[in-house]
Amino acid sequence: MRLELGNFYVKDIVFGEETSYSNGILTINKEEALKVVMEDEHITDADLHIVKPGDRVRLVPVKEAIEPRVRVDGGPVFPGVTGDLMQAGNGRTHALKDCSVLVVGKHWGGFQDGLIDMSGEGAKYTYYSQLKNIVLVADTDEEFEKREQQKKNRVLRWAGMRLAEYIGSCVKDLEPEELEVFELEPIVKRIKQENDLPSVVLVLQFQSQMEELGYNDLVYGWDTNRMLPTFMHPNEILDGAVISGSFMPSSSKWSTYDIQNFPVIRRLYKEHGKTLNFLGVIASNLNVALDQKERSALLVAQIAKSLGADGAIVAEEGYGNPDADFIACIVALEDAGIKTVGLTPECTGRDGRSQPLVTMDPKADAIVSTGDVSQLIELPPMETVIGELESLARDGFAGGWWGDEVLGPSVREDGSIIMENNSMFCGDQVVGWSTKTVKEF
Amino acid sequence: MKKAILYINQFFGQIGGEEEADFAPEIREGLVGPAIELQKQLGEDIKVTHTIICGDNYMGSNTEEAVNTILGFLEDKEFDIFFAGPAFRAGRYGVACGNIGKAVSEKFNVPVISSMNEENPGVEMFRKDIYIFKGGKSAAAMREDIKKMADFGKKIVKGETLLSAEEEGYFGRGLRRQVWLDPPVTAADRVVDMLLKKLNGEPFKTELPIPPVDTVPIAPPIKDLSKATIAIVTSGGIVPVDNPDRIQSASATRWGKYDISNMERLEAGVFKTIHAGFDPMVANQNPNVIVPLDALRAYEKEGKIGKVHEYFYTTVGTGTTQGEAARMAREIVEHLKEGQVDGVILVST
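Predicted model only: the values in this text are computed from it and were never measured.

Calculation rules
- Each chain has its residues counted from 1, running along the sequence as written.
- Chains and ligands are labelled by the order in which they are written, letters from A for the one and numbers from 1 for the other.
- A pLDDT threshold of at least 70 governs which residues receive local features in this predicted model, and a stricter bar of 80 or more applies before side-chain atom pairs are shown or counted, although totals over entire chains, interfaces and linings include all residues.
- With hydrogens and water stripped out, all remaining heavy atoms of the structure feed into the side-chain values.
- Secondary structure counts use DSSP, requiring at least four H or I residues in a row for a helix and at least two E residues in a row for a strand, with both numbered from the N terminus.
- Radius of gyration: over C-alpha atoms. The globule rule applied is 2.2 Å multiplied by the number of residues raised to the 0.38 power.
- Two residues qualify as a contact provided that any one of their heavy atoms is within 4.5 Å of a heavy atom in the partner residue.
- All accessible-area figures derive from a Shrake-Rupley calculation using a 1.4 Å probe, and residue coverage is judged against the displayed protein chains alone.
- As used throughout, the charge tally considers Lys and Arg to be positive and Asp and Glu to be negative, leaving His and the chain termini uncounted.
- To locate a charge, take NZ of a lysine, CZ of an arginine, CG of an aspartate or CD of a glutamate.
- Here an axis means a line fitted to C-alpha atoms, over the contact stretch when the element is a helix, while the angle between two N-to-C directions is reported on a 0 to 180 degree scale.
- Note that the term roughly parallel is reserved for angles under 35 degrees, roughly antiparallel for angles over 145, roughly perpendicular for angles of 65 to 115, and oblique for everything else.
- Crossing handedness follows the turn of the near helix against the far one: under a right angle anticlockwise gives a left-handed crossing, and clockwise gives a right-handed one.
- Classification convention: Asp, Glu, Lys, Arg as charged; Ala, Val, Leu, Ile, Met, Phe, Trp, Tyr, Cys, Pro as nonpolar; all other residues, Gly among them, as polar.
- Burial classes: relative accessible area under 20% of the type maximum marks a residue as buried, over 50% as exposed, and values in between as partly exposed (1.4 Å probe, protein chains only).
- Note on definitions: salt bridges are taken to be side-chain nitrogens of Lys or Arg within 4 Å of carboxyl oxygens of Asp or Glu.
- Within 3.5 Å is the distance limit for a polar contact, defined as a pair of N or O atoms, with the added protein rule that one can donate a hydrogen and the other accept it, and that residues adjacent in sequence qualify only through two side-chain atoms.
- Strand pairing is assigned whenever DSSP detects at least two bridges linking the two strands.
- Here the limits of each domain have been adopted from an automatic or database domain assignment.
- What gets called buried area is simply the loss in accessible area from a 1.4 Å probe that two parts show on being joined, summed for both.
- The span you would expect from a helix comes to 1.5 Å times its residue count less one.
- Between the rings of Phe, Tyr and Trp (Trp by its six-membered ring), a pair exists once the centres lie within 6.5 Å; its type follows the angle of the planes, with under 30 degrees stacked, over 60 edge-to-face, and the other angles tilted.

A. Main features of the overall build of chain A. The secondary structure content of chain A amounts to nine helices and 25 strands. The C-alpha atoms of chain A give a radius of gyration of 21 Å, which matches the 22 Å a tight globule of 441 residues would have. In terms of overall dimensions, chain A has a C-alpha envelope of 60 × 55 × 40 Å along the principal axes. Expressed as a percentage of contacts within chain A between residues at least 6 apart in sequence, the contacts between residues at least 24 apart total 79%. Accessible surface computed for chain A: about 15300 Å², of which carbon and sulfur atoms make up 50%. Between the mean site of the 43 positive side-chain charges and the mean site of the 70 negative ones, chain A shows a separation of 3 Å.

B. Inspection of the packing of helix H1 (residues 34-42) of chain B against helix H6 (residues 142-157) of chain B at higher detail. All names here are of chain B. Look at H1 against H6: their axes get within 9 Å of each other, and the N-to-C directions meet at 45 degrees. When the axes of H1 and H6 are compared, the pair comes out oblique. As H1 runs across H6, the sense of the crossing is right-handed. Every residue of H6 that contacts H1 at Pro34, Glu37, Leu38, Gln41 and Leu42 is listed here: Met142, Arg143, Ile146, Lys147, Ala150 and Lys154. Among the residues making up the contact of H1 with H6, the classes are represented as six nonpolar, one polar and four charged.

C. Seen up close, the side chain of A:Lys253. Residue and element names in this part refer to chain A. On the secondary structure map, Lys253 appears in the loop between strand S17 (242-243) and helix H5 (256-261). It turns out Lys253 is buried and unbridged, and the closest side chain with the opposite charge, Asp113, is 5.4 Å from it. At 3.4 Å, the side chain of Lys253 and the backbone oxygen of Gly245 are in polar contact.

D. The arrangement of the sheet that holds strand S10 (residues 256-259) of chain B in detail. Residues and elements named next belong to chain B. Strand order in this open sheet of four strands is S10-S12-S8-S13, and the pairing throughout is mixed. The open sheet is flanked by S10 and strand S13 (343-347), the only strands paired with a single partner. On average, adjacent strands in this sheet sit at an angle of 25 degrees to one another, irrespective of strand direction. One ladder, built from five bridges, connects strand S8 (residues 229-234) with S13; its direction is parallel. By the bridge assignment, Ala231 is partnered in S13 with Val344. Against the sheet, helix H10 (residues 293-302) makes contact with S8, strand S12 (307-314) and S13, and its axis sits at roughly 165 degrees relative to S12, the strand it touches most.

E. View of the environment of B:Val344. Residue and element names in this part refer to chain B. Mapped onto the fold, Val344 is located in strand S13. The exposure class assigned to Val344 is partly exposed, which follows from its relative accessible area of 42%. Counting along the chain gives 113 residues from Val344 to Ala231, while the straight-line C-alpha distance between them is 4.8 Å. Look past the residues within four positions of Val344 in its chain and what remains in contact with it is Ala231, Val233 and Leu336.

F. Quick peek at the domain arrangement of chain B. Split by domain assignment, chain B resolves into domain 1 (2-168) and domain 2 (225-347). If you average the C-alpha positions of domain 1 of chain B and of domain 2 of chain B, the two centres end up 40 Å apart.

G. Quick peek at the interface of chain B and chain A. Listed per partner, the contact involves 40 residues of chain B and 56 residues of chain A. Around 4300 Å² of area is buried between chain B and chain A when both sides are counted, 61% of it from carbon and sulfur atoms. Inspection of the chain B/chain A interface yields seven salt bridges. Listing elements by their share of the side of chain B that touches chain A, those giving two or more residues are helix H7 (165-168), strand S7 (176-180) and helix H8 (187-199) of chain B. Broken down by element, the residue count for the side of chain B that touches chain A peaks at twelve residues, all from H8(B). Its residues assigned to classes, the side of chain B that touches chain A shows 23 nonpolar, seven polar and ten charged. Here strand S25 (residues 436-440) of chain A pairs with S7(B) via five bridges, running antiparallel.

H. Quick peek at H6(B). Residues and elements named next belong to chain B. Between its terminal C-alpha atoms H6 stretches 22 Å, which fits the 22 Å expected from 16 residues at 1.5 Å a residue. On its buried face, H6 is in contact with H1, strand S3 (46-54), strand S4 (81-84), strand S5 (112-116), strand S6 (131-134) and H7. Two residues or fewer after H6 comes Gly159, characterised by a positive phi angle close to 75 degrees.

I. The packing of aromatic side chains, seen in detail. All chains considered together, the criterion is met by 26 aromatic pairs over all chains. Taken together, a centroid distance of 5.9 Å and an interplanar angle of 90 degrees make the contact between A:Tyr269 and A:Phe278 edge-to-face. In this structure A:Tyr269 comes out as buried when scored by relative accessible area, which is 11%. With a centroid separation of 5.5 Å and 50 degrees between ring planes, the pair formed by B:Phe152 and B:Tyr170 is classed as tilted. Here B:Phe152 is found in helix H6, whereas its partner B:Tyr170 is found in the loop between H7 and S7, with 18 residues between them in sequence. Judged by its relative accessible area of 2%, B:Phe152 falls in the buried class. A residue is classified by how much of its surface remains accessible, and B:Tyr170, at 2% relative accessible area, is buried.

Take a look at the structure:
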């Protein structure tokens, strides 16, 4: 499988006559772009903003982030989601780099939504403050979940994907500034030099905790809750086969942008043929019932063993209940003789003194920690808020609250906020961007 | 100019050795013994205004009184930081530093810094409550240990960024917080590098150490239950309705022992639960659901068990630390041994 990613580095984004890309400048025809958004009759209101690093802007409730892309030979960027099913990970895809489409609710947020500050003290808590962002802020007629804490955010998330495809399409016929090639020979047909190196699999535990369809990550449009662990080519992950869901406190979530760019996959590719033999990805899940956790762990270990893996990296999308899957999977792999390293955020409580994972096992002796979801963060007011600041306190955000005896409400009258890291948009960057760790004090 | 106060024992307070270990607490203006070196190391920024001296045995056998006396000394003093020790490997001195340090930190909300050797029992008892720097075995390490305490004290007072326990050199307080790596290294690089090390058999260091599992081996079965004395111990908070031992409803440090030798069952209105971690309605209506005296009496009559021990033992499990729970258990075990108990039904809730 050979994926060519053609990259266009966006230096600035402006609104203009024609949606186009030239010399680092991405121009967006706002009216036309909004028309694409409004194709879904359930969108009742929509607007676009451009926000850049350093802007005195706070975004909340942020629901999703997507990298604008286009499949050069035709077909949807997200097969089985935004169009027909087709093989992802093969052929040529063009991407607008250093920018993302952010989807923000005009009013309503929920447990899974997050916050982004584009400047100031709060900027360091999310990856997206470093990007130039096209912000879709919109409302829908999804009355059934308007006041629900758990939201599927279906209409807004799909609008974001349509918008990302629309913007991405402007570089379809252009020559990219950089061409990255991702190619792995079939496992049993690799050269001696690769075969002689330690073989490694990457186990991705996608978020799948909700029994009801519509909340979980999708693999080729298929709900991960209804999936058994399966072997995937890393190119499929990098090329739109998996999209993010709408469940789990935001900081530990993987946005679709995160999945499209997956830094751990990129680093494993870099090492392939030099220090290790990258076999591929085992896509697993995080269902809540114990037998489902055990079944997934068994299958992951079996697939890894059958493929001849010597080593594995296990990454969980979330924390708490998923820690049980995370540890079970590491133990199953270690028991199968596969040397394993885990990748996860921690939850140590507001005082930092709680057990960092719900379950632990001495066999999990190698873990990289990407942050602490429960850390309190206090931030001053921001000049401009896109979305609705009150949602952080009102709508049951994982890291926001209406009232607290000691701390008061998350959103104060002057616009300053106090929240848990839990609601920093994809803040723990488990996909590999995180330069945070957790230490004992 | 910030102000500090130092706590030391009778020996370093130049009162005397073991024969003076019952010396009652005193506070003196200015510098005594190690306070002189501490002042030297603190330099211009912090002035050590007082030295408190107390005998190790006095603190050990009259802890509450000694602590209260010292807290009384401090009530009208202005101070920004409190030091205790260094205590090296001296066990009683370490525990004294911990006791007074914890009390001062809780009452006056000031940072407390001590130093002990890793084998000092005070380390495990108080590392979660105060900063305890990793110290030498004996007073030969005095200067070095005081320097570490003073340097960290200056850092706190100046509002400098405090690094992790390992980087600063104190025993970790069981408190984990996120930090940004400097220089930054992404998690993608860290996880692949760690895997390569693990694969190549090179040493690697996990970022989330898994604490050793403290499992207790399962006891061998009782050979003849019909001759055995059985006791009930519970963390379900069943107490006489007036809770005579003032056991806390959460984060308990106290436990109770209550006579049931003349009872067939625990009556509602006589016993209740004070546990804050569950809905108490059912247990209050029938305390036997947690302390199953009624069932054990029936077994006793049927001859299934020899007899029911004269007392039951009780505390509250919610929020109670493992350390406190283990201490209470060790204390309760002494009573069980005295009563020649063969088996215990441990009821959790």
